[in-house]
Amino acid sequence: MSSIHPDKVIAEQLAGIGSVPAADPGDDGSLIDDPAVRAPLVLNNRSFGDVTNIVCGYAENPPGKWWLPTLLLAAATAGIGMAMIGYLLITGVGVWGLNNQVNWAWDITNFVFWIGIGHAGTLISAILCLFKQKWRTAVNRSAEAMTIFAVMCAGIFPAIHVGRIWFIWMVFPVPNANAIWPNFRSPLLWDVFAVSTYATVSFLFWYMGMIPDLATLRDRADRRLRRSRALGEALRIPDMVRAYVFGLLSLGWRFSSRHWHRYEVAYLILAGISTPLVLSVHSIVSFDFATSVVPGWHTTIFPPYFVAGAIFGGFAMVLLLLIPARELFANFKDFLTLRHLENMAKILLVTGMMVGFAYGMEFFIAWYSASEPELYVFLFNRAIPDWLHPDGAPYWWAYWSMIFCNVVSPQVFWWKRNRRDPRVIWAVALLVTIGMWFERFVIIVTSLHRAWLPAEWHMFFPTPVDILTFAGSCGIFLTLFLLFLRFLPVFPIAEVKAVLPQASPHHHGHEAHNNHNEEHGTPGGQSAGGHAPPRHHPDTPGGGH
């Protein structure tokens, strides 16, 4: 606002005497474009007590009628996948569609796909935490859980693709009587260390963040048990289970200032450790291909290309899971607002353009290097259809599906109305998830199925075991995520409370008085003297009764 020619409308709004412009009919109250007004990250003027009751209610109250049928369907799909893995171990990898030329196909495609899905959790939790992005609080817990489950699904495929899984221990550098040691110069061994480190740190980061919330669930269950004893009522078995299980998992958390100090230091350290893992893990996975001499793989663009693609696919999966949850769970929209969805849609647009740039650079590098086999792979193994040229790509449909899903579909987010429409965002997220699987399939299969001699050319066709094993991994992932939504805190209670207006020591006004604390009867989570309560108080941003 210029000091010479002040904007009268904005000046009146800042002074509190002007009228607020009418909101967009599709706006939930979080899509405020006025720089003088801070967009809310939690809607409906929720108090500290409301946040605790809503988040804990997801784990304490029975879920909707949709949850059990969805869980049974996911568990049945996971069971089919486990049966296919058992059949593979009994029969051998010949049940897959592999051949002498295409010796890597769906198994490694699925491995790289799931590793990529697991990157968004670390990005949202660690990097956005270090950059003090408060909007992460609505999605970080779910994204962290998604990371753990995706890495678990990814770990299945390297173990089973070796054929004789009982020898998988030989990939680890442990002493053995045969004096057989892994090749430490091989990126396949680097994968073992990178993925195991990533899984360990991600699990610790996820679990560390849940400790205060687990203690909240423990104390609430214990309080209900004490109340039932005082009234002479029968003890509630679910509350007994919650009290013991959450009591064990909360590690003696008591909401003391010392506990909060240790927690925040440990959380920051884990965020700092996790940040380079985002860049390193998928870079090392890309070395499986980039360090080879196979045309289509032998390129230095793979590390940043794979990292950008992993973030791209990971964010798409977060949106794919949380937008339906936003509609199915009560009050979920209060914490996951349209502002959050718009921010993630912008990230999809940016990372999608980065991936599209990498696709174009692959053709440029193949041409500029004057490597005829390299250029042949990109032109005649991927881009040019076989119905346009006799030597054209039989897998052209997979390549162009990848281009449409990953490059074209996110372009709709240039329009603001599409970035703010959950239906459009979910549709694009679904296309991106499909496109990222096709990307890995195209990289692996189209680079292998045509060797140096035409006599060695072989097509790859997936078998039902290939398809059902991948479907089973999707079932495992969805089963674990549904169990997480049902039994664990979906949102970080302390962090959500910290972004509420009344969490600020400078917060004043009628909103604070309307934010009534039902349990203690004090307005706005404040003490009777009008000061903010101590950190260990149950209705403070860190509290949890």
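Structure's up top.
Worth saying up front: this structure is predicted, and the values here are computed from it rather than measured. Each chain carries its own residue numbering, running from 1 in the written order of its sequence. For a predicted model such as this one, the threshold for reporting local features is a pLDDT of at least 70, and the threshold for listing and counting side-chain atom pairs is 80 or more; totals across whole chains, interfaces and linings nevertheless cover every residue. By convention in this description, side-chain values take in all heavy atoms of the structure and omit both hydrogens and water.

Enquirer: Please explain the overall build of the chain as it appears in this structure.
Expert: Regarding its fold elements, the chain presents 19 helices and zero strands. When contacts within the chain are restricted to residue pairs at least 6 apart in sequence, long-range pairs at least 24 apart make up 75% of them. Exposure was quantified through the Shrake-Rupley algorithm and a 1.4 Å probe, taking into account, for residues, occlusion by the shown protein chains and nothing else. Carbon and sulfur atoms make up 68% of the accessible area of the chain, which totals about 25,600 Å². Think of it this way: any DSSP run of H or I at least four residues long counts as a helix, any run of E at least two long counts as a strand, and we number them from the N terminus. Residue contacts follow a heavy-atom distance rule, with two residues in contact if any of their heavy atoms lie within 4.5 Å.

Enquirer: What am I meant to see in the packing of aromatic side chains here?
Expert: Any aromatic ring pair is given by two values, namely how distant the centres are and how the planes are angled relative to each other. Aromatic contacts are taken between Phe, Tyr and Trp rings whose centres are within 6.5 Å, Trp giving its six-membered ring; a plane angle under 30 degrees counts as stacked, one over 60 as edge-to-face, and the others as tilted. Enumeration over the complete set of coordinates arrives at 47 aromatic pairs. Both rings, one in Tyr58 and one in Phe332, keep their centres 6.0 Å apart while their planes meet at 40 degrees; by these two values the pair is tilted. In this pair, Tyr58 sits in helix H2 (residues 48–60) while Phe332 sits in helix H11 (residues 332–335), placing the two residues 274 residues apart along the sequence. Using a relative accessible area of 1% as the deciding quantity, one classes Phe332 as buried. Taken together, the aromatic side chains of Trp106, Phe113, Trp114, Tyr395, Trp397, Trp437, Phe438, Phe441, Phe460, Phe470 and Phe477 make up a single cluster linked through ring pairs. A 1.4 Å probe rolled over the protein chains alone gives each residue an accessible area, and that area as a share of the maximum for its type sets the label: buried under 20%, exposed over 50%, partly exposed in between.

Enquirer: How should I be thinking about the environment of Leu480 in this particular structure?
Expert: Residue position: Leu480 is located in helix H17 (residues 464–487). According to the relative accessible area criterion, Leu480 is partly exposed, its value standing at 22%. In the structure, Leu480 is positioned 335 residues away from Ala145 in sequence and 8.9 Å away in space, judged by C-alpha atoms.

Enquirer: Mind showing me how you'd approach the packing of helix H6 (residues 140–160) against helix H10 (residues 302–328) here?
Expert: Between two packed helices, both the angle of their axes relative to each other and the distance between the axes serve to describe the pair. For helices, the fitted line uses only the C-alpha atoms of the stretch in contact; every axis is such a line through C-alpha atoms, and the angle between N-to-C directions lies from 0 to 180 degrees. Their axes nearest at 10 Å, the elements H6 and H10 cross at an angle of 115 degrees. The angle between H6 and H10 places the two elements in the roughly perpendicular class. In this structure, H6 meets H10 at a crossing whose hand is right-handed. Residues Ser142, Ala143 and Met146 of H6 form the contact with H10, whose participating residues are Gly314, Met317, Val318, Leu321 and Leu322. Per-class residue counts for the contact of H6 with H10 are six nonpolar, two polar and no charged. In what follows, roughly perpendicular refers to angles from 65 to 115 degrees, roughly parallel to angles under 35, roughly antiparallel to angles over 145, and oblique to any angle outside these ranges. Crossings are sorted by hand: turned counterclockwise from the far helix by less than a right angle, the near helix makes the crossing left-handed, and turned clockwise it makes it right-handed. Following the grouping adopted for this structure description, the nonpolar residues are Ala, Val, Leu, Ile, Met, Phe, Trp, Tyr, Cys and Pro, the charged ones are Asp, Glu, Lys and Arg, and the polar ones are all others, Gly among them.

Enquirer: I keep staring at the state of the cysteines and nothing clicks. Help me out?
Expert: Joining two cysteines, a disulfide is a covalent bond between their sulfur atoms. Cysteine sulfur atoms that pair up within 2.5 Å are treated as a disulfide. Under the counting rule described, the total for this entry stands at zero disulfides. Cys474 takes part in no disulfide bond, and the closest cysteine sulfur to it belongs to Cys153, at a distance of 7.6 Å. For Cys474, a relative accessible area of 31% corresponds to the partly exposed category.

Enquirer: Is there a simple way to think about the pattern of salt bridges in this case?
Expert: Side chains that differ in sign of charge can pair as their charged atoms come close. A side-chain nitrogen of Lys or Arg and a carboxyl oxygen of Asp or Glu constitute a salt bridge if their distance falls within 4 Å. Under the definition given, this model contains 16 salt bridges. Among the salt bridges present, the one from Arg46 reaches Asp334, with a minimum N-O distance of 2.7 Å. Taken together, the positions of Arg46 in the loop between helix H1 (8–15) and H2 and Asp334 in helix H11 put the pair 288 residues apart, joining distant regions of the chain. Of the two residues, Arg46 and Asp334, both sit in the buried class. Residues Arg218 and Asp219 are paired through a salt bridge, measuring 2.8 Å at the closest nitrogen-oxygen approach. Each of Glu60, Arg220, Arg224, Asp239 and Arg242 takes part in salt bridges that share partners, so that together they form one network.

Enquirer: When you look at the nonpolar core in this model, what are you seeing that I'm missing?
Expert: In summary, soluble globular proteins display a tendency toward joint burial of nonpolar side chains. The set of buried Ala, Val, Leu, Ile, Met, Phe, Trp, Tyr and Cys residues whose side-chain atoms join them within 4.5 Å is what this entry labels a nonpolar core. Ranked by internal contacts, the top residues of the largest apolar core, which has 143 residues, are Trp114, Phe289, Phe315, Phe332, Met344 and Phe477. Of the residues forming this core, the biggest block, 17 residues, is contributed by H10. Residues within four places of Trp114 in sequence aside, it is in contact with Ala150, Cys153, Ala154, Phe157, Phe470, Ser473, Cys474 and Phe477.

Enquirer: Is there a simple way to think about a nonpolar patch on the surface in this case?
Expert: On the surface, Trp166, Phe167, Trp169, Phe172 and Val174 cluster together into a nonpolar patch covering about 500 Å² of accessible area. Mapped onto the elements of the fold, Val174 is located in the loop between H6 and helix H7 (187–230). Patch definition: residues with relative accessible area over 30% and no salt bridge; like charges joined within 9 Å; nonpolar side chains (Val, Leu, Ile, Met, Phe, Trp, Tyr) joined within 5 Å.

Enquirer: Can you help me understand the packing of helix H12 (residues 338–368) against helix H14 (residues 396–408) in this one?
Expert: Axis separation between H12 and H14 bottoms out at 9 Å; the angle between their running directions is 145 degrees. Residues Gly352, Gly356, Tyr359 and Phe363 of H12 pack against Tyr399, Met402, Ile403, Asn406 and Val407 of H14. For the contact of H12 with H14, the residue count by class is six nonpolar, three polar and no charged.

Enquirer: Quick question: what am I supposed to make of the side chain of Arg440 here?
Expert: Positionally, Arg440 belongs in helix H16 (residues 422–448). Taking the relative accessible area as the measure of exposure, Arg440 reaches 3% and is therefore buried. Setting aside its immediate chain neighbours within four residues, Arg440 contacts Thr109, Val112, Phe113, Gly116, His282, Gly309 and Ala310.

Enquirer: Please explain the side chain of Ser274 as it appears in this structure.
Expert: In this structure, Ser274 sits in helix H9 (residues 257–290). Note on Ser274: relative accessible area 2%, which makes it buried. We call two N or O atoms a polar contact when they sit within 3.5 Å, provided that within protein one can donate a hydrogen and the other can accept it, with sequence-adjacent residues counted only if both atoms are side-chain atoms. Here the side chain of Ser274 touches Leu270 through a polar contact of 2.7 Å, landing on its backbone oxygen. Those residues in contact with Ser274, other than ones at most four positions away along the chain, are Thr122, Ala126, Val201 and Phe205.

Enquirer: Hey, could you run me through unusual backbone geometry in this one?
Expert: Positive phi, close to 65 degrees, is recorded for Asn44, a residue that is not glycine. You can call Asn44 exposed: its relative accessible area is 56%. A positive phi angle, near 55 degrees, is found at Lys132, a position not held by glycine. Here Lys132 lies in the loop between helix H5 (119–130) and H6. On the accessibility criterion, Lys132 (65% relative accessible area) is exposed.

Enquirer: Would you mind showing me how to read H12 here?
Expert: Side chains of residues three or four places apart in an α-helix project in the same direction, reflecting 3.6 residues per turn. To estimate how far a helix should extend, the number of its residues minus one is multiplied by 1.5 Å. The end-to-end C-alpha distance of H12, which contains 31 residues, comes to 44 Å, matching closely the 45 Å that a straight helix rising 1.5 Å per residue would cover. In the segment just after H12, Ala370 is the residue with positive phi, at about 60 degrees.

Enquirer: For this particular structure, what's the right way to read the environment of Met459?
Expert: Structurally, the position occupied by Met459 is in the loop between H16 and H17. You can call Met459 partly exposed: its relative accessible area is 31%. Separated by 65 residues in sequence, Met459 and Pro394 place their C-alpha atoms 8.6 Å apart. In this structure Met459 touches Asn99, Pro394, Tyr395 and His449, once residues within four positions along its chain are discounted.

All we've got here are geometric facts, nothing functional implied.
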